[in-house]
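If you want the building blocks of each chain, they are given just below.
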Amino acid sequence: MLKGGCFCGRVRYEAAGAPTHETSCHCSICRRTSGAAFVTWFTVPRSGFRFVAGEPARFKSTAKAVRSFCPQCGTQLTFEHEDFADQIDVTTCSLDNPEALPPRDHTWTRSKLSWIELADALPQYGKRRDEG
């Protein structure tokens, strides 16, 4: 069971099931919604994810996607896409132990900031991994 939550502790979650798609996303939407150069995510089955304390705020970041964040401290927590309704993406660094789930690749590198130099030797995908 993976456990985590926001910076201030108001919102907590648990995620069961084997994590997949451990990635650092460089898309412009992740950058703008987090204020960071990229965001590291993992995916779990939607059925295995639940908020156990507090309730996050949600907003549609695109026509098909909803992001959640703590309404008090602003920590971005999840990403849900209607084309993948059985999955939920969770921000890796909101885990209690983010060291346990390092990224396996970089996605949307065609949108990567020019001043970011990736030197970790992980695979890089211009789009989502399954789109090449």
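Residues numbered from 1 in each chain as written. Predicted model: local features only at pLDDT ≥ 70, side-chain atom pairs only at ≥ 80, totals over all residues. Heavy atoms only, no water.

**Q** Whenever I open this one, the sheet that holds strand 9 (residues 87–91) confuses me. Can you help?
**A** Sheets are built from strands that pair by backbone hydrogen bonding, the pairs being arranged parallel or antiparallel. Taken in spatial order, the 7 strands make up an open sheet running 6-7-8-9-4-3-10, and their pairing is mixed. Each of the sheet's edge strands pairs with one partner strand only, and the pair in question is strand 6 (57–62) and strand 10 (105–107). Here the average twist between neighbouring strands, direction ignored, is 30 degrees. Relative to strand 8 (residues 76–81), strand 7 (residues 65–69) is paired through 5 bridges, and the arrangement is antiparallel. When the bridges of strand 8 are listed, Arg67 appears paired with Phe79. (Pairing = 2+ DSSP bridges. Helix = DSSP H or I, 4+ residues; strand = E, 2+ residues; numbered from the N terminus. Axes fitted to C-alpha atoms, helices over the stretch in contact; angles between N-to-C directions.)

**Q** I tried to follow the nonpolar core on my own but got confused; where do I start?
**A** Burial of nonpolar side chains together is a common tendency in soluble globular proteins. Counting 13 residues, the largest nonpolar core has Tyr13, Phe42, Val44, Phe49 and Val90 as the members making the most contacts within it. Mapped onto this core, the elements with two or more residues apiece are strand 2 (12–15), strand 4 (39–45) and strand 9. Val90 has contacts with Tyr13, Thr40, Trp41, Phe42, Val44, Phe49, Leu77 and Thr78, leaving out every residue within four places of it along the chain. Membership of the second largest hydrophobic core comes to 7 residues, among which are Cys27, Cys30, Trp41 and Phe79. (Core = buried A, V, L, I, M, F, W, Y, C linked by side-chain atoms within 4.5 Å. Buried < 20%, exposed > 50% of the residue type's maximum accessible area, 1.4 Å probe, protein only. Contact = heavy atoms within 4.5 Å.)

**Q** Help me understand the pairing of strand 8, please; the structure alone is not making it clear to me.
**A** Each regular strand displays side chains that alternate between the two surfaces of the sheet. Connecting the antiparallel pair strand 7 and strand 8 is a turn made up of 6 residues, with Gly74 showing a positive phi of about 90 degrees. Relative to strand 9, strand 8 runs antiparallel, the two being bridged by 2 bridges. Counted as the bridge partner of Phe79 is Asp89 from strand 9. In this antiparallel pair of consecutive strands, strand 8 and strand 9, the connection spans 5 residues.

**Q** Just checking my understanding: could you explain the pattern of salt bridges for this structure?
**A** Close approach of charged atoms allows side chains of opposite charge to pair. If you walk through the whole model with that rule in mind, you get 7 salt bridges. Among the ionic pairs, Lys3 bridges to Glu14, the shortest N-O distance being 4.0 Å. With Lys3 in strand 1 (residues 2–5) and Glu14 in strand 2, this pair connects stretches of sequence that are 11 residues apart. On the basis of relative accessible area, Lys3 is assigned to the partly exposed category, the value being 42%. For Glu14, a relative accessible area of 14% puts it in the buried group. Residue Asp96 pairs with Arg12 through a salt bridge whose shortest N-O separation is 2.8 Å. Within this pair, whereas Asp96 is found in the loop between strand 9 and strand 10, its partner Arg12 is found in strand 2, the two being separated by 84 residues in sequence. Residues joined in a network through salt bridges with shared partners are Lys3, Glu14 and Arg50. (Salt bridge = Lys/Arg side-chain N within 4 Å of Asp/Glu carboxyl O.)

**Q** Before we go on, may I ask you to explain the environment of Thr23 in this structure?
**A** Examined against the element boundaries, Thr23 turns out to sit in strand 3 (residues 20–25). Sequence-wise, Thr23 and Phe42 are 19 residues apart; in three dimensions their C-alpha atoms are separated by 6.4 Å.

**Q** Help me understand the side chain of Thr78, please; the structure alone is not making it clear to me.
**A** For Thr78, the location among the structural elements is in strand 8. The buried category is assigned to Thr78, whose relative accessible area is 1%. Only 2.5 Å separates the side chain of Thr78 from the side chain of Ser68, close enough to count as a polar contact. What Thr78 contacts, discounting residues up to four positions off in sequence, is Trp41, Phe49, Phe51, Val66, Arg67, Ser68, Ile88, Asp89 and Val90. (Polar contact = N/O pair within 3.5 Å; in protein donor to acceptor, adjacent residues only side chain to side chain.)

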